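# Results of the structural survey
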Amino acid sequence: MDASGEASWIERFEGLSRLPQDLRDELENGSRIVSIPAGTQIFAPGQSPEHLLMLLEGTVRVQQRSDTGRDVFLYRVHAGDSCVLSTACMLAFEENTADGTAETDIRAVAIPRATFDSLVAHSAMFREFVFRAYSRRITDLLTLVDDLVSRRVDVRLAGRLLELADARGRVHATHQVLGTELGTAREVISRTLAEFQRRGWIEQARGEIRLVEADRISAFLRGPDAA
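Since this is a predicted model, take the numbers as computed values, not measurements.

On the secondary structure map, R160 appears in helix α5 (residues 153-164). Among the residues examined, R160 registers a relative accessible area of 12% and is labelled buried. When residues no more than four places from it in sequence are discounted, the contact partners of R160 are F73, R76, L178, E181 and L182.

If you want it as structure tokens, here you go:
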């Protein structure tokens, strides 16, 4: 959690490197580097955020539980990003309404509320950075809503497989997790994956899906009716 030797982290976030030196110093001196193991709950509903986390390595999964008890996947925070819900709660002094969990081991910059509030109040450049990131994520959430309403499950699943695949073309996710992320039942995911496997696009093992024909999945994503 020692930030020594980590002064260059600020360069990894577009917009922050243009801060004048005195504000860069305030940001760097007021923040710290944290390491969090995979599976750790980073924030939960009802908690008031005291730090804004900006990821250097790893991914954080953000989801919300509906009134019916169903988990609804919202988005992932990747390296170089911050969490829009945490940002909104920091700005509005409100409690979190969603759950954030480290999907992998992560390293992040923890900016305490006092430093965050000071920079938002005194630096137009920092405010621009915060609200630009906020705007991008809101656009992502609107796209998610549009996908849930108008796009076929098989198309959305094809896109999610491509998004989640590692460098070897492997997706480490259960059918239940994929169902939660796409807002549908596990059984629907299982049937759709079985069809993808029948077409020779994927192979399945326990807790893992291997993309055999990623190019054909990409083609299906671009034009499912012609695939």
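Resuming the write-up.
Quick look at α5 now. Taking 1.5 Å of rise per residue, twelve residues should cover 16 Å, and α5 covers 16 Å from first to last C-alpha, within 8% of that figure. Of all the positions in α5, only D154, V155, R156, L157, A158, G159, R160 and L161 are classed as buried.

Turning our attention to the pattern of salt bridges. Tallying each qualifying case throughout the model produces 16 salt bridges. With a closest N to O distance of 3.9 Å, E50 and R113 form a salt bridge. Separated by 63 residues along the polypeptide, E50 in the loop between β2 (41-43) and β3 (51-57) and R113 in helix α3 (residues 113-122) bring together distant segments of the chain. Residue class for E50 comes out partly exposed when judged on its relative accessible area of 45%. Ionic contacts of the salt-bridge type, sharing partners, join the residues R61, R76, E103, R160, E163 and E181 into one network.

A few words now on the sheet that holds β3. Adjacent strands of a sheet pair through backbone hydrogen bonds, lying either parallel or antiparallel. The three strands are arranged β1-β7-β3 in an open sheet whose pairing can be described as antiparallel. Lying at the two open borders of the sheet, with one neighbouring strand each, are β1 (32-36) and β3. Taking the axes of each pair of neighbouring strands and ignoring which way they run, one obtains an average angle of 35 degrees across the sheet. Note: β1 against strand β7 (residues 106-112), five bridges, orientation antiparallel. Its bridge partner being in β7, R32 is matched across the sheet by A110.

The subject of this paragraph is α3. Those residues of α3 that sit buried are R113, T115, F116, L119 and V120. Relative to the axis of α3, the buried residues are bounded by an arc of 165 degrees and lie together on one face. Opposite its buried face, α3 presents the exposed residues A114, A121 and H122, each directed more than 90 degrees away.

Moving on, we come to the pairing of strand β6 (residues 99-102). Bridging between β2 and β6 involves two bridges; their strand directions are antiparallel. From the neighbouring strand, F43 faces β6, where its bridge partner is G100. Inspection of the sheet shows strand β4 (residues 60-65) paired to β6 by four bridges, in the antiparallel sense. If you follow V60 over to β6, its bridge partner there is A102.

The tally for this structure, following the rule as stated, stands at six aromatic pairs. Taking the centre distance of 5.2 Å and the plane angle of 40 degrees together, the rings of F196 and W201 count as tilted. W201 carries the same exposure label as F196, and that label is buried. Relative to F220, the ring of W201 lies with its centre 5.2 Å away and its plane at 55 degrees, an arrangement referred to as tilted. On the criterion of sequence distance, the pair formed by W201 in the loop between α7 (186-198) and β9 (202-205) and F220 in helix α8 (residues 214-222) is long-range, its members being 19 residues apart. Relative accessible area serves as the criterion here: at 2%, W201 is assigned to the buried category. Ring pairs connect the aromatic residues F116, F126 and F129, which therefore count as one cluster.

Basis of the calculations
Residues numbered from 1 in each chain as written. Predicted model: local features only at pLDDT ≥ 70, side-chain atom pairs only at ≥ 80, totals over all residues. Heavy atoms only, no water. Helix = DSSP H or I, 4+ residues; strand = E, 2+ residues; numbered from the N terminus. Buried < 20%, exposed > 50% of the residue type's maximum accessible area, 1.4 Å probe, protein only. Contact = heavy atoms within 4.5 Å. Expected span 1.5 Å × (residues − 1). Salt bridge = Lys/Arg side-chain N within 4 Å of Asp/Glu carboxyl O. Pairing = 2+ DSSP bridges. Axes fitted to C-alpha atoms, helices over the stretch in contact; angles between N-to-C directions. Arc of directions from axis to C-beta. Phe/Tyr/Trp six-rings, centres within 6.5 Å; stacked < 30°, edge-to-face > 60°.

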